[in-house]
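# Overview (structure and organization)
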Amino acid sequence: MDFNMKKLASDAGIFFTRAVQFTEEKFGQAERTELDAHFENLLARADSTKNWTEKILRQTEVLLQPNPSARVEEFLYEKLDRKVPSRVTNGELLAQYMAEAASELGPTTPYGKTLIKVAEAEKRLGAAERAFIHTASINFLTPLRNFLEGDWKTISKERRLLQNRRLDLDACKARLKKAKAAEAKATLWNDEVDKAEQELRVAQTEFDRQAEVTRLLLEGISSTHVNHLRCLHEFVESQTTYYAQCYRHMLDLQKQLGSSQGAIFPGTFVGTTEPASPPLSSTSPTTAAATMPVGPSVAGLAPPGEAALRLEEVNPPASGTRKARVLYDYEAADSSELALLADELITVYSLPGMDPDWLIGERGNKKGKVPVTYLELLS
């Protein structure tokens, strides 16, 4: 009991001393040990990393789950270490409503048949969204949370210890200064000065040791950036896959609706079996670049007639050929396509009746179809 009381009293004394030192520093009545510029830069970089990681994490959560109530529910399940219940996506719910509507309104009617087709597409979109959310959560959100809840908490703990060691060190410096001043006036014995010097040496050693521990942790922020960079690439990859799947599903649906709509309203509706080309952004009157390439699985959706294109019979037009710079690597899906490597230059041209999303590309004695979205057309 006596030991515990003494420890409590000692802790209270240390806390009081630190509080006094901190207050005097704030009022400019005491000197403080400053950290070197490199250390201060490490602290600023760590704080910036923490703040931006929090913002990116929160906004990604909003992107993946726009419903705030659902986000709160998922957060509570995670804190309680319980499995988050499976939730129907908006696309899947819409598909369910459309299917039920078709069943009640007549699945054999034109409207009912179309509802069923759209419902199937929406169901596939919902499944793709679910897969994207799952992949993004594992590969991107989880590493960000692990940093904030793991590494950052460790860094914060060691920074608080360093702050306490610095306050102890400066308090010892102040005591030694007072002891020497009192000794000069012959009001203290030499052993009081010796005691203050010994306390200062101990405080300096503890401060230096803690500063080194904290510095090593702060320098580890560079490794954190490397890890987050890898996770960011994986997030972009999963997002690209998701949008590519959505594009493919909607393209199939558009083809189905185009043919059925033409049969229902002959002469009044012209269905398109191919989507418009992905948006192009012009950087100059003579240069055009795709703003977002679709994956090879999407770009390869060429009309059936073009798949049988006999390349040996294709000759470039007398005029109309252009040079193009390849923006991204592209792996040919079949022998009618030309594989591409980023940054290489090729000659391209179009043929009458050809899908506008594709061009004929030539490189040396090789030729084949190439997707427009992978090219930057030059003058």
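Presented here is an overview of the structure given in this document.

Within the chain, the regular secondary structure consists of 9 helices and 7 strands. Taken across its 379 residues, the chain has 34% of its residues classed as buried. In the chain, once contacts between residues fewer than 6 apart in sequence are set aside, the share between residues at least 24 apart is 69%.

Our focus in this paragraph is the pattern of salt bridges. Under the definition given, this model contains 16 salt bridges. We note a salt bridge from Glu 34 to Arg 32, for which the minimum N-O separation is 3.6 Å. Residue classification places Glu 34 among the exposed residues on the basis of a relative accessible area of 54%. On the basis of relative accessible area, Arg 32 is assigned to the partly exposed category, the value being 41%. Arg 145 serves as the salt-bridge partner of Glu 61, at 2.8 Å between the closest nitrogen and oxygen. With Glu 61 in helix H2 (residues 37-64) and Arg 145 in helix H5 (residues 110-184), this pair connects stretches of sequence that are 84 residues apart. Side by side, Glu 61 and Arg 145 carry an identical accessibility label, which is buried.

It is worth spelling out the packing of aromatic side chains at this point. All chains considered together, the criterion is met by 7 aromatic pairs. When the centroid spacing of 4.9 Å and the interplanar angle of 5° are considered together, the rings of Phe 132 and Tyr 242 count as stacked. One end of the pair, Phe 132, is in helix H5; the other, Tyr 242, is in helix H7 (residues 221-264), with 110 residues separating them in the sequence. Tyr 242 carries the same exposure label as Phe 132, and that label is buried. When the ring of Tyr 328 is compared with that of Tyr 374, the centres are 5.9 Å apart and the planes differ by 85°; the resulting orientation is edge-to-face. One end of the pair, Tyr 328, is in the loop between strand S3 (322-326) and strand S4 (345-349); the other, Tyr 374, is in the loop between strand S6 (366-371) and strand S7 (375-377), with 46 residues separating them in the sequence. With a relative accessible area of 4%, Tyr 374 lands in the buried category. Here the aromatic cluster, defined as three or more aromatic residues joined through ring pairs, consists of Phe 132, Phe 140, Phe 235, Tyr 242 and Tyr 243. Here Lys 55 stacks its cationic end above the ring of Trp 52, 4.5 Å away from the centre of that ring.

What follows is about a nonpolar patch on the surface. A surface patch of nonpolar side chains, about 290 Å² in accessible area, is lined by Val 72, Phe 75 and Leu 76. Its place among the elements puts Val 72 in helix H3 (residues 68-79).

Let us now look at helix H4 (residues 90-105). Over its 16 residues, H4 extends 22 Å from the first C-alpha to the last, a length consistent with the 22 Å expected when each residue adds 1.5 Å. Within H4, the full set of buried residues consists of Gly 91, Glu 92, Ala 95, Met 98 and Ala 102. Each buried residue of H4 sits inside an arc of 120° when the element is viewed along its axis, so together they form one side. Away from its buried face by more than 90 degrees, H4 exposes Asn 90 and Glu 104. The positive-phi residue at the C-terminal boundary of H4 is Gly 106, with phi of around 120°.

Turning our attention to the pairing of strand S5 (residues 358-363). Most of S5 sits inside the fold, with 5 of its 6 residues counted as buried. Of the strand pairs in this sheet, S4 and S5 are connected by 3 bridges, and their pairing is antiparallel. In the strand pairing of S5, Val 348 is matched with Gly 361. Sheet topology note: the S5/S6 ladder contains 6 bridges and is antiparallel. If you follow Leu 359 over to S6, its bridge partner there is Val 370. Joining the antiparallel neighbours S5 and S6 is a turn of 2 residues, in which Gly 364 adopts a positive phi near 65°.

You can see Asp 334 is positioned in the loop between S3 and S4. Looking at Asp 334, the relative accessible area reads 36%, which means it is partly exposed. Once the C-alpha coordinates of Asp 334 and Gly 368 are considered, the two residues, 34 residues apart in sequence, prove to be 9.6 Å apart. Within polar-contact distance, the side chain of Asp 334 engages the side chain of Ser 336 at 2.4 Å.

Attention shifts here to the nonpolar core. Generally speaking, nonpolar side chains in soluble globular proteins are found buried as a group. Grouped together as the largest cluster of nonpolar side chains are 34 residues, with contacts concentrated most on Phe 39, Phe 132, Phe 140 and Leu 218. Every element with two or more residues in this core is listed here: H2, H5, helix H6 (190-219) and H7. The element best represented in this core is H5, accounting for 16 residues. Contacts of Phe 39, omitting those with residues within four sequence positions, involve Leu 162, Ala 211, Thr 214, Arg 215 and Leu 218. In this structure, Val 326, Val 370, Tyr 374 and Leu 377 belong to the second largest nonpolar core, which totals 18 residues.

Reading the values: the criteria
Residues numbered from 1 in each chain as written. Predicted model: local features only at pLDDT ≥ 70, side-chain atom pairs only at ≥ 80, totals over all residues. Heavy atoms only, no water. Helix = DSSP H or I, 4+ residues; strand = E, 2+ residues; numbered from the N terminus. Buried < 20%, exposed > 50% of the residue type's maximum accessible area, 1.4 Å probe, protein only. Contact = heavy atoms within 4.5 Å. Salt bridge = Lys/Arg side-chain N within 4 Å of Asp/Glu carboxyl O. Phe/Tyr/Trp six-rings, centres within 6.5 Å; stacked < 30°, edge-to-face > 60°. Lys NZ or Arg CZ within 6 Å of the ring centre and 35° of its normal. Patch = residues over 30% accessible without salt bridge, like charges linked within 9 Å, V, L, I, M, F, W, Y side chains within 5 Å. Areas by Shrake-Rupley, 256 points an atom, 1.4 Å probe, with all protein chains shown as cover. Expected span 1.5 Å × (residues − 1). Arc of directions from axis to C-beta. Pairing = 2+ DSSP bridges. Polar contact = N/O pair within 3.5 Å; in protein donor to acceptor, adjacent residues only side chain to side chain. Core = buried A, V, L, I, M, F, W, Y, C linked by side-chain atoms within 4.5 Å.

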